[in-house]
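# Understanding the architecture of this molecule
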Amino acid sequence: MKLHTFVLAAVLAMAGSTPAAHAQTAGVPQSEVDAIVLKFQAAYADTFDRRDAKGMAALLTEDATLQNEWGDVARGRANIEAILTRLMATLPAGETLEDTPLASRAIATDVIVSQGTSQRITPNAAPAQMLFTRVLVRQGGQWRLAATQIARPSAMPKPGSQPK
């Protein structure tokens, strides 16, 4: 299955599901999924905070994809590393990254889809809030990022209560 088809299937599998439905999916206990996601997010944020584009790229699969908030898609670890190097050179001093998982689910023994919020925190400025979806895969015993999508929250007012 091609990666983009797989990512689409993973995102569709997450759509419409509730956090309670995530437990014990694919035979992986939810507590284990949560621990994997938190460990990955800590490593990801650490490389960002240290402006370590090479270290962040090492967390990716060789054929990873990244879609930014403007819809551009970058493919491949080397290409994404070059983009990260340029981005990190322009970051304000002291800016850090803080990720908060909202829903994570194992869709296969070696595949986890995680959705959450991300904030870039700059001293003396309002945090820049973003949303993310990440697809983690286990390769050679290591969890790596195979695909990620970053989005800005909608400027549209949130509708009232939604029917269930």
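One structure accompanies this document, and this report is about it. Everything quoted here is computed from the prediction, not taken from an experiment.

## Notes on the side chain of Ser118
- Residue position: Ser118 is located in strand β4 (residues 111-121).
- In this structure Ser118 comes out as buried when scored by relative accessible area, which is 7%.
- At a separation of 2.6 Å, a polar atom in the side chain of Ser118 contacts the side chain of Asp99.
- Other than its neighbours up to four places away in sequence, Ser118 contacts Leu97, Glu98, Asp99, Ala128, Gln129, Met130 and Phe132.

## Points about helix α4 (residues 77-90)
- Over its 14 residues, α4 runs 20 Å from end to end, which matches the ideal 20 Å to within 8%, given 1.5 Å per residue.
- Along its buried surface, α4 packs onto α2 (30-49), α3 (53-57), β1 (60-67) and β2 (73-75).

## Quick word on the nonpolar core
- Counting residues in each nonpolar core, the largest one holds 26 residues, and the members touching the most others are Tyr44, Ile80, Ile112 and Leu136.
- Contributions of two or more residues to this core are made by α2, α3, β1, α4, β3 (96-108) and β6 (142-151).
- Broken down by element, the residue count for this core peaks at 7 residues, all from α2.
- When sequence neighbours within four positions are dropped, the list of residues in contact with Ile80 reads Leu60, Ala64, Thr65, Leu66 and Ala74.
- Formed by 6 residues, the second largest nonpolar core is a distinct cluster that contains Val113, Val137, Ala146 and Ala147.

## Notes on the sheet that holds β1
- Strand order across the open sheet formed by 6 strands is β2-β1-β6-β5-β4-β3, with mixed pairing between neighbours. Where the open sheet ends on each side, the last strands, each with one partner, are β2 and β3. Strand after strand, the sheet turns through a mean of 20 degrees between neighbouring axes, direction not considered.
- Taken together, the 9 bridges between strand β5 (residues 128-139) and β6 define a ladder with antiparallel strand orientation. Residue pairing across strands places Gln139 opposite Gln142, the latter belonging to β6.
- Across the sheet, α2 lies against β3, β4, β5 and β6, angled at about 145 degrees from β3, the strand it touches most.
- Of the strands in this sheet, β1, β2, β4 and β6 touch α4, which is tilted by about 55 degrees from β1.

## Structural notes on the layout of surface pockets
- By volume, the largest pocket amounts to about 410 Å³.
- A breakdown of the residues in the lining of the largest pocket according to their chemical character gives 15 nonpolar, 2 polar and 4 charged.

## Here's the deal with the pattern of salt bridges
- Per the counting criterion, the structure on display carries 8 salt bridges.
- Across the salt bridge formed by Arg50 and Asp52, the nearest N and O atoms sit 3.3 Å from each other.
- Here Arg50 falls in the partly exposed class, since its relative accessible area comes to 46%.
- Among the salt bridges present, the one from Arg138 reaches Asp110, with a minimum N-O distance of 2.7 Å. Of this pair, Arg138 sits in strand β5 while Asp110 sits in the loop between β3 and β4, and the two are 28 residues apart along the sequence.
- Accessibility expressed as a relative area gives 31% for Arg138, which makes it partly exposed.
- In the salt-bridge network here, residues are joined through shared partners; they are Asp46, Arg50 and Asp52.

## Things to note about the environment of Glu81
- Structurally, Glu81 can be placed in helix α4.
- For the pair Glu81 and Met56, spaced 25 residues apart in sequence, the C-alpha to C-alpha distance is 7.6 Å.
- Setting aside chain neighbours within four positions, we find Glu81 in contact with Ala53, Lys54 and Ala57.

About the criteria used
Residues numbered from 1 in each chain as written. Predicted model: local features only at pLDDT ≥ 70, side-chain atom pairs only at ≥ 80, totals over all residues. Heavy atoms only, no water. Helix = DSSP H or I, 4+ residues; strand = E, 2+ residues; numbered from the N terminus. Buried < 20%, exposed > 50% of the residue type's maximum accessible area, 1.4 Å probe, protein only. Polar contact = N/O pair within 3.5 Å; in protein donor to acceptor, adjacent residues only side chain to side chain. Contact = heavy atoms within 4.5 Å. Expected span 1.5 Å × (residues − 1). Core = buried A, V, L, I, M, F, W, Y, C linked by side-chain atoms within 4.5 Å. Pairing = 2+ DSSP bridges. Axes fitted to C-alpha atoms, helices over the stretch in contact; angles between N-to-C directions. 1 Å grid on protein atoms, 1.4 Å probe; cavity = no way out; pocket = protein on both sides within 12 Å on 5 of 7 lines; lining within 4 Å. Points joined across faces, edges and corners; volume = space filled by probe spheres on them. Nonpolar A, V, L, I, M, F, W, Y, C, P; charged D, E, K, R; others polar. Salt bridge = Lys/Arg side-chain N within 4 Å of Asp/Glu carboxyl O.

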